[in-house]
Amino acid sequence: MAIELNGLSSNQTTAARGKQTEQASAKPENQGNAGNTPATKADTVRLSDAAQALQSAKLQADDSSDFDAGKVAEIKAAIADGSYNISNERIADKVLQFEKLFS
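The shown structure was predicted, so the numbers you read here are calculated from the model rather than taken from an experiment. (Residues numbered from 1 in each chain as written. Predicted model: local features only at pLDDT ≥ 70, side-chain atom pairs only at ≥ 80, totals over all residues. Heavy atoms only, no water.)

1. Focus on the overall build of the protein chain
Reasoning step 1: For the protein chain, the count of helices and strands is 4 helices and 0 strands.
Reasoning step 2: From first element to last, N terminus to C terminus, the protein chain shows the α and β order α-α-α-α.
Reasoning step 3: As displayed, the protein chain has an accessible area near 9,900 Å², and 53% of this comes from carbon and sulfur atoms. (Helix = DSSP H or I, 4+ residues; strand = E, 2+ residues; numbered from the N terminus. Areas by Shrake-Rupley, 256 points an atom, 1.4 Å probe, with all protein chains shown as cover.)

As C-alpha coordinates, this is what we get:
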(Lines give C-alpha, C1' and ligand atoms only; values in the text may rest on other atoms or scores of the structure.)
Protein backbone atom coordinates (compact mmCIF):
# COMPACT_ATOMS: atom_id res chain seq x y z
CA MET A 1 0.00 0.00 0.00
CA ALA A 2 1.51 3.34 -1.07
CA ILE A 3 1.14 6.46 1.05
CA GLU A 4 1.47 9.85 -0.59
CA LEU A 5 3.26 12.37 1.63
CA ASN A 6 3.09 16.06 0.76
CA GLY A 7 2.53 15.43 -2.92
CA LEU A 8 5.36 12.90 -3.29
CA SER A 9 4.82 9.88 -5.47
CA SER A 10 5.38 6.39 -4.09
CA ASN A 11 8.69 6.19 -6.00
CA GLN A 12 9.96 9.36 -4.32
CA THR A 13 8.94 8.17 -0.85
CA THR A 14 10.56 4.79 -1.46
CA ALA A 15 13.78 6.54 -2.50
CA ALA A 16 13.62 8.76 0.59
CA ARG A 17 13.10 5.70 2.81
CA GLY A 18 16.14 4.09 1.23
CA LYS A 19 18.26 7.15 2.00
CA GLN A 20 17.10 7.16 5.61
CA THR A 21 17.94 3.46 5.95
CA GLU A 22 21.39 4.05 4.48
CA GLN A 23 22.01 6.94 6.90
CA ALA A 24 20.84 4.93 9.89
CA SER A 25 22.99 1.95 8.99
CA ALA A 26 26.10 4.04 8.26
CA LYS A 27 28.74 3.62 10.94
CA PRO A 28 29.90 6.76 12.73
CA GLU A 29 33.32 8.03 11.78
CA ASN A 30 34.44 8.26 15.41
CA GLN A 31 33.97 4.63 16.44
CA GLY A 32 36.55 5.04 19.19
CA ASN A 33 34.31 7.65 20.88
CA ALA A 34 31.23 5.48 21.34
CA GLY A 35 29.95 7.62 24.22
CA ASN A 36 30.38 10.89 22.35
CA THR A 37 27.41 11.38 20.09
CA PRO A 38 26.62 14.68 18.42
CA ALA A 39 24.42 16.91 20.55
CA THR A 40 20.84 17.06 19.35
CA LYS A 41 18.85 20.25 19.52
CA ALA A 42 16.40 20.06 22.43
CA ASP A 43 12.79 21.04 21.93
CA THR A 44 11.70 24.06 23.91
CA VAL A 45 8.34 25.57 24.74
CA ARG A 46 7.76 29.25 25.52
CA LEU A 47 4.44 30.59 26.71
CA SER A 48 3.33 33.92 25.29
CA ASP A 49 2.94 36.87 27.62
CA ALA A 50 -0.84 36.56 27.39
CA ALA A 51 -0.70 32.85 28.31
CA GLN A 52 1.56 33.65 31.25
CA ALA A 53 -0.87 36.35 32.43
CA LEU A 54 -3.79 33.91 32.22
CA GLN A 55 -1.82 31.26 34.07
CA SER A 56 -0.93 33.76 36.79
CA ALA A 57 -4.56 34.91 37.08
CA LYS A 58 -5.72 31.30 37.37
CA LEU A 59 -3.22 30.61 40.13
CA GLN A 60 -4.35 33.71 42.02
CA ALA A 61 -7.99 32.72 41.63
CA ASP A 62 -7.23 29.21 42.86
CA ASP A 63 -5.42 30.59 45.90
CA SER A 64 -8.25 32.93 46.91
CA SER A 65 -10.93 30.36 47.58
CA ASP A 66 -12.57 32.38 50.35
CA PHE A 67 -15.61 34.49 49.52
CA ASP A 68 -18.08 36.71 51.31
CA ALA A 69 -21.16 34.55 51.84
CA GLY A 70 -23.12 37.57 53.08
CA LYS A 71 -22.44 39.51 49.89
CA VAL A 72 -23.43 36.51 47.77
CA ALA A 73 -26.73 36.23 49.68
CA GLU A 74 -27.31 39.97 49.27
CA ILE A 75 -26.77 39.81 45.50
CA LYS A 76 -29.00 36.74 45.18
CA ALA A 77 -31.77 38.55 47.02
CA ALA A 78 -31.36 41.68 44.83
CA ILE A 79 -31.55 39.57 41.68
CA ALA A 80 -34.62 37.74 43.00
CA ASP A 81 -36.54 40.93 43.81
CA GLY A 82 -35.38 42.75 40.64
CA SER A 83 -33.45 45.52 42.36
CA TYR A 84 -29.99 44.41 41.18
CA ASN A 85 -28.57 47.07 38.85
CA ILE A 86 -26.09 46.22 36.14
CA SER A 87 -23.70 48.98 35.12
CA ASN A 88 -23.04 48.69 31.39
CA GLU A 89 -20.18 51.19 31.68
CA ARG A 90 -18.47 49.17 34.38
CA ILE A 91 -18.81 45.97 32.35
CA ALA A 92 -17.38 47.73 29.28
CA ASP A 93 -14.43 49.03 31.33
CA LYS A 94 -13.68 45.53 32.63
CA VAL A 95 -13.87 44.05 29.11
CA LEU A 96 -11.41 46.68 27.88
CA GLN A 97 -9.04 45.94 30.77
CA PHE A 98 -9.22 42.24 29.91
CA GLU A 99 -8.55 42.89 26.23
CA LYS A 100 -5.44 44.92 27.13
CA LEU A 101 -3.91 41.72 28.52
CA PHE A 102 -3.76 40.33 24.98
CA SER A 103 -2.47 43.34 23.07
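2. Some words on the pattern of salt bridges
Reasoning step 1: A full pass over the atoms with the stated rule returns 1 salt bridge.
Reasoning step 2: Arg 46 serves as the salt-bridge partner of Asp 49, at 3.8 Å between the closest nitrogen and oxygen. Comparing Asp 49 with Arg 46 shows no difference in burial state: the two are exposed. (Salt bridge = Lys/Arg side-chain N within 4 Å of Asp/Glu carboxyl O. Buried < 20%, exposed > 50% of the residue type's maximum accessible area, 1.4 Å probe, protein only.)

3. Considering the packing of aromatic side chains
To describe a pair of aromatic rings, you give the distance between the ring centres and the angle between the ring planes.
Reasoning step 1: Tallying each qualifying case throughout the model produces 1 aromatic pair.
Reasoning step 2: Where Phe 98 meets Phe 102, the ring centres are 5.1 Å apart and the plane angle is 70 degrees; that geometry is what we call edge-to-face. (Phe/Tyr/Trp six-rings, centres within 6.5 Å; stacked < 30°, edge-to-face > 60°.)

4. Observations concerning the confidence of the model for the protein chain
Reasoning step 1: When the pLDDT values of the protein chain are averaged, the result is 76; 62% of them are 70 or greater.
Reasoning step 2: Of all secondary-structure elements in the protein chain, the lowest mean pLDDT belongs to helix 1 (residues 10-25), at 53, while helix 4 (residues 88-100) reaches the highest, 95. (pLDDT = per-residue confidence, 0-100.)

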